[in-house]
Amino acid sequence: MPVADYKTYCRMIDHAIEKKFAYPAINVTSLTTANGVLKGLADSRSDGIIQVSTGGAAFASGLSLKDMPIGAISIAEHVHRVAERYPIYVALHTDHCQAKMLNSYVIPLIEETERRRAAGKPNLFNSHMFDGSDLSLKENLDIAVKLLERCQKNEIILEVEVGVVGGVEDGVKGGGAEKLYTTPEDMLEVSRRLSAVKGARYLLAATFGNVHGVYKPGHVKLKPSILKEGQTAVEKAFGKSARFALVFHGGSGSALEEIREAVDYGVVKMNIDTDTQYAFTRPIVDHMMKNYSGVLKIEGDVGDKEKYDPRSYMKLGEASLAERVKQAVTDLRGVGTTLFGSGS
Ligand SMILES: [Zn+2]
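Residues numbered from 1 in each chain as written. Predicted model: local features only at pLDDT ≥ 70, side-chain atom pairs only at ≥ 80, totals over all residues. Heavy atoms only, no water.

## Side note on the coordination of the zinc ion
Now for step 1: Taken together, the protein donors to the zinc ion comprise His-96 (NE2), His-212 (NE2) and His-249 (ND1), at separations of 2.0 to 2.2 Å.
Now for step 2: Considered as a linear motif, the donors of the zinc ion on their single chain read H-x115-H-x36-H. Within this pair, whereas His-212 is found in strand E9 (residues 211-212), its partner His-249 is found in the loop between strand E10 (246-248) and helix H9 (256-264), the two being separated by 37 residues in sequence. The exposure classification of His-212 matches that of His-249, with both residues buried. (Donors = N, O, S within 2.8 Å, 3.2 Å for Na, K, Ca; no water. Helix = DSSP H or I, 4+ residues; strand = E, 2+ residues; numbered from the N terminus. Buried < 20%, exposed > 50% of the residue type's maximum accessible area, 1.4 Å probe, protein only.)

## Section: the packing of helix H7 (residues 184-194) against helix H8 (residues 225-238)
Now for step 1: Two numbers describe how H7 lies on H8: the axes approach to 9 Å, and their chain directions differ by 45°. Comparing their axes, H8 and H7 come out oblique. Between H7 and H8 lies a crossing of right-handed hand. Judged by residue contacts, Pro-184, Met-187, Leu-188, Ser-191 and Arg-192 of H7 engage Leu-227, Glu-229, Gly-230, Gln-231, Ala-233, Val-234, Ala-237 and Phe-238 from H8.
Now for step 2: The residue inventory of the contact of H7 with H8, partitioned by class, reads eight nonpolar, three polar and two charged. (Axes fitted to C-alpha atoms, helices over the stretch in contact; angles between N-to-C directions. Parallel < 35°, antiparallel > 145°, perpendicular 65-115°, else oblique. Left-handed = near helix turned anticlockwise from the far one by under 90°. Contact = heavy atoms within 4.5 Å. Nonpolar A, V, L, I, M, F, W, Y, C, P; charged D, E, K, R; others polar.)

## What about the pairing of strand E1 (residues 23-27)?
Remember that side chains alternate between the two faces of the sheet whenever the strand is regular.
Now for step 1: Here E1 lies mainly inside the structure; five of its five residues are buried.
Now for step 2: Two elements, E1 and strand E11 (residues 267-272), share four bridges in a ladder whose sense is parallel. Residue pairing across strands places Pro-24 opposite Met-270, the latter belonging to E11.
Now for step 3: Two elements, E1 and strand E2 (residues 48-52), share three bridges in a ladder whose sense is parallel. Paired with Ala-25 across the bridge in E2 is Ile-49. (Pairing = 2+ DSSP bridges.)

Structure (structure tokens):
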């Protein structure tokens with residue numbers, strides 16, 4: 001099986017809920033970073049999620065095009081091809097897409113999947129995120145319900161966000177401090193509105209003090225107990241089956257106990273971007289510093305072709321990123337949890 005199909009993706013999520021682990025969802029922007037994620041997951045015998053942000057998609061399409069759907073489709077098609085050769089499942093997801101960006105990012109990608117399905121081909125992406133956290137809860141959920149209906153028809157899972165993740169990601173700045181913690185009332189409303197879409201599956205990014213990017217210790221006050229309170233409220237109101245499959249955004253630099261506490265409360269997907277960006281770049285810096293006179297043509301010299309060939313340092317980045325993915329899988333208790341080969 002190449003990329004997970006809908007049934008397998010649902011099984012992956014159920015498996016994580018049951019066994020109390022979570023999947024790393026790593027942002028990628030190129031073939032090399034996608035390959036690094038696949039390596040890290042396969043080495044950990046863990047399934048996982050590869051995701052593309054709006055900025056990452058524009059980047060992947062090249063400086064001349066800066067076309068988000070084309071960039072995202074290119075990465076997804078690459079992953080569909082190479083993932084077939086790995087002994088794990090991977091799901092493809094798109095990250096934060098605000099309401100004003102839907103028509104230029106997520107909707108064209110859903111349309112692409114609709115065309116593929118009509119031609120008897122597999123879906124392009126398994127899930128998409130709609131981030132309506134900058135809207136009122138009602139506006140956010142009005143849009144989410146419509147999108148979820150369309151996703152359900154196409155066997156796509158929708159991720160929604162209530163509350164605001166602080167910090168900056170792709171130039172999107174988080175909002176005021178009061179929205180950094182999602183209330184149980186908000187979570188009840190999400191469940192009430194989205195469970196009305198029969199047969200649909202969704203993921204919820206509830207915020208508990210998360211901040212995008214990485215900050216020195218003490219800057220972020222994570223309160224995973226917020227998630228526990230929300231889950232308890234929703235279970236009390238609508239039953240155990242209403243418990244959310246949660247997403248952890250902005251977790252870079254979090255303490256391991258906080259990560260695991262969040263997983264205990266139903267986090268099944270943890271987004272990782274900043275930490276893998278650093279992991280990719282770190283050995284490249286080392287390469288440049290150690291081979292300074294080879295990567296540059298200094299004072300009329302010719303440099304060293306082997307040292308400035310981008311492959312020589314990109315593969316170091318790929319290997320280091322794969323190691324960081326392995327660490328994420330370990331942190332999230334996912335080592336050896338792949339469903340690959342376990343039947344359908
Ligand atoms: Zn995020």
